[in-house]
Amino acid sequence: MTNTNFTHQRVWRDRFAGSLESLAAVYSSCEMRARKPEPAFFEHVLESEQLAPHEALFVDDVDVHVEVARNLGMDVILYTCVDRLRDAFASRGLLVSGSGP
């Protein structure tokens, strides 16, 4: 889930094509005509992924994005550093021993 424009998107899609292949989907604001933190942005992704809000985990480094997702009922992590992200994943049982983001 990213706020971007078509020009920027062409650059990162080319530059990170190999990495992006591992993702099931990329949701970009320029294609969706909605931006984080608009609730419609999150609702579109949830609907597309066929998830109820409580089934989704949203990670972002922007307070207001995290707050909107939380208000919609999503589990959220405010990214501040990799160690805290690893701890947050571990506390949710999302890490295999010895692995990490």
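So, here is what we can say about the structure in this document. On a predicted model such as this, the values are computed, not experimentally measured, just so you know.

### Observations concerning the overall build of the protein
Phase 1 of the analysis: Helices and strands together make up the secondary structure of the protein, namely 6 helices and 2 strands.
Phase 2 of the analysis: Listing each helix as α and each strand as β along the protein from the N terminus yields α-α-α-α-β-α-β-α.
Phase 3 of the analysis: Sequence separation of 24 or more characterises 35% of the internal contacts of the protein that already satisfy a separation of 6 or more.
Phase 4 of the analysis: About 6700 Å² of surface is accessible on the protein, with carbon and sulfur atoms providing 51% of the total.
Phase 5 of the analysis: If you average the places of the 10 positive and of the 15 negative side-chain charges in the protein, the two averages end up 6 Å apart.

### Structural notes on the pattern of salt bridges
Phase 1 of the analysis: Inspection of the entire model under this criterion finds 5 salt bridges.
Phase 2 of the analysis: Note that R70 is salt-bridged to E67, the shortest N-O span being 2.9 Å. A residue pair is termed a helical-turn pair when its members lie 3 or 4 positions apart in one helix, as R70 and E67 do in helix 5 (residues 63-71) at 3 residues.
Phase 3 of the analysis: Owing to a relative accessible area of 42%, R70 belongs among the partly exposed residues under this scheme.
Phase 4 of the analysis: On the accessibility criterion, E67 (35% relative accessible area) is partly exposed.
Phase 5 of the analysis: When the shortest N-O distance is used, the salt bridge between D75 and R92 registers 2.7 Å. In this pair, D75 sits in strand 2 (residues 75-78) while R92 sits in the segment after helix 6 (82-91), placing the two residues 17 residues apart along the sequence.
Phase 6 of the analysis: The partly exposed category is assigned to R92, whose relative accessible area is 31%.

### Quick notes on the packing of aromatic side chains
Phase 1 of the analysis: Following the criterion strictly, the structure yields 2 aromatic pairs and no others.
Phase 2 of the analysis: On the basis of an interplanar angle of 75° and a centroid distance of 5.9 Å, the ring pair of F41 and F42 is categorised as edge-to-face. Note on accessibility: F41 and F42 belong to one class, buried.
Phase 3 of the analysis: Taken together, a centroid distance of 5.1 Å and an interplanar angle of 85° make the contact between F42 and F58 edge-to-face. Taken as a pair, F42 in helix 4 (residues 39-48) and F58 in strand 1 (residues 57-60) lie far apart in primary sequence, 16 residues in all.

### Observations regarding a nonpolar patch on the surface
Phase 1 of the analysis: On the surface, L57, V59, Y79, V82 and L94 cluster together to form a nonpolar patch covering roughly 370 Å² of accessible area.
Phase 2 of the analysis: Within the element layout of this structure, Y79 appears in the loop between strand 2 and helix 6.
Phase 3 of the analysis: By relative accessible area, Y79 is classed as partly exposed at 33%.

### Examining the side chain of Q9
Phase 1 of the analysis: Residue position: Q9 is located in helix 1 (residues 6-15).
Phase 2 of the analysis: On the basis of relative accessibility, which here comes to 5%, the residue Q9 falls in the buried class.
Phase 3 of the analysis: Side chain to side chain, Q9 and S28 meet in a polar contact 2.6 Å long.
Phase 4 of the analysis: Those residues within four positions of Q9 in sequence are excluded, and the remaining contacts are T4, S28, C30 and E31.

Reading the values: rules and limits
In every chain, residue numbers begin from 1 and rise along the written sequence. Confidence filtering applies because this is a predicted model: local features only for residues at pLDDT of at least 70, side-chain atom pairs given and counted only at 80 or more, and all residues used for totals across whole chains, interfaces and linings. To obtain the side-chain values, all non-hydrogen atoms of the structure were used and water was disregarded. Secondary structure elements follow DSSP: runs of H or I no shorter than four residues count as helices, runs of E no shorter than two count as strands, and numbering proceeds from the N terminus. Whether two residues touch is decided by their heavy atoms; if any such pair falls within 4.5 Å, the residues are in contact. Using the Shrake-Rupley algorithm and a 1.4 Å probe, accessible areas are obtained, with residue cover drawn only from the displayed protein chains. None of His or the chain ends enter the tally, which takes Lys and Arg as positive and Asp and Glu as negative. We put the charge of a Lys on NZ, of an Arg on CZ, of an Asp on CG and of a Glu on CD. By salt bridge we mean one thing: a side-chain nitrogen of Lys or Arg within 4 Å of a carboxyl oxygen of Asp or Glu. Each residue is assigned to one of three classes by its accessible area relative to the maximum for its type, calculated with a 1.4 Å probe on protein chains only: buried under 20%, partly exposed between the two thresholds, exposed over 50%. Paired rings are identified among Phe, Tyr and Trp, the last through its six-membered ring, by centres lying within 6.5 Å, and are further divided according to the angle between planes into stacked (under 30 degrees), edge-to-face (over 60) and tilted (the rest). Note on patches: the residues involved have over 30% relative accessible area and no salt bridge, like charges join within 9 Å, and the nonpolar side chains Val, Leu, Ile, Met, Phe, Trp and Tyr join within 5 Å. Contacts described as polar in this section are N or O atom pairs within 3.5 Å, which, within protein, must combine one atom able to donate a hydrogen with one able to accept it, while residues neighboring in sequence count only if both atoms come from side chains.

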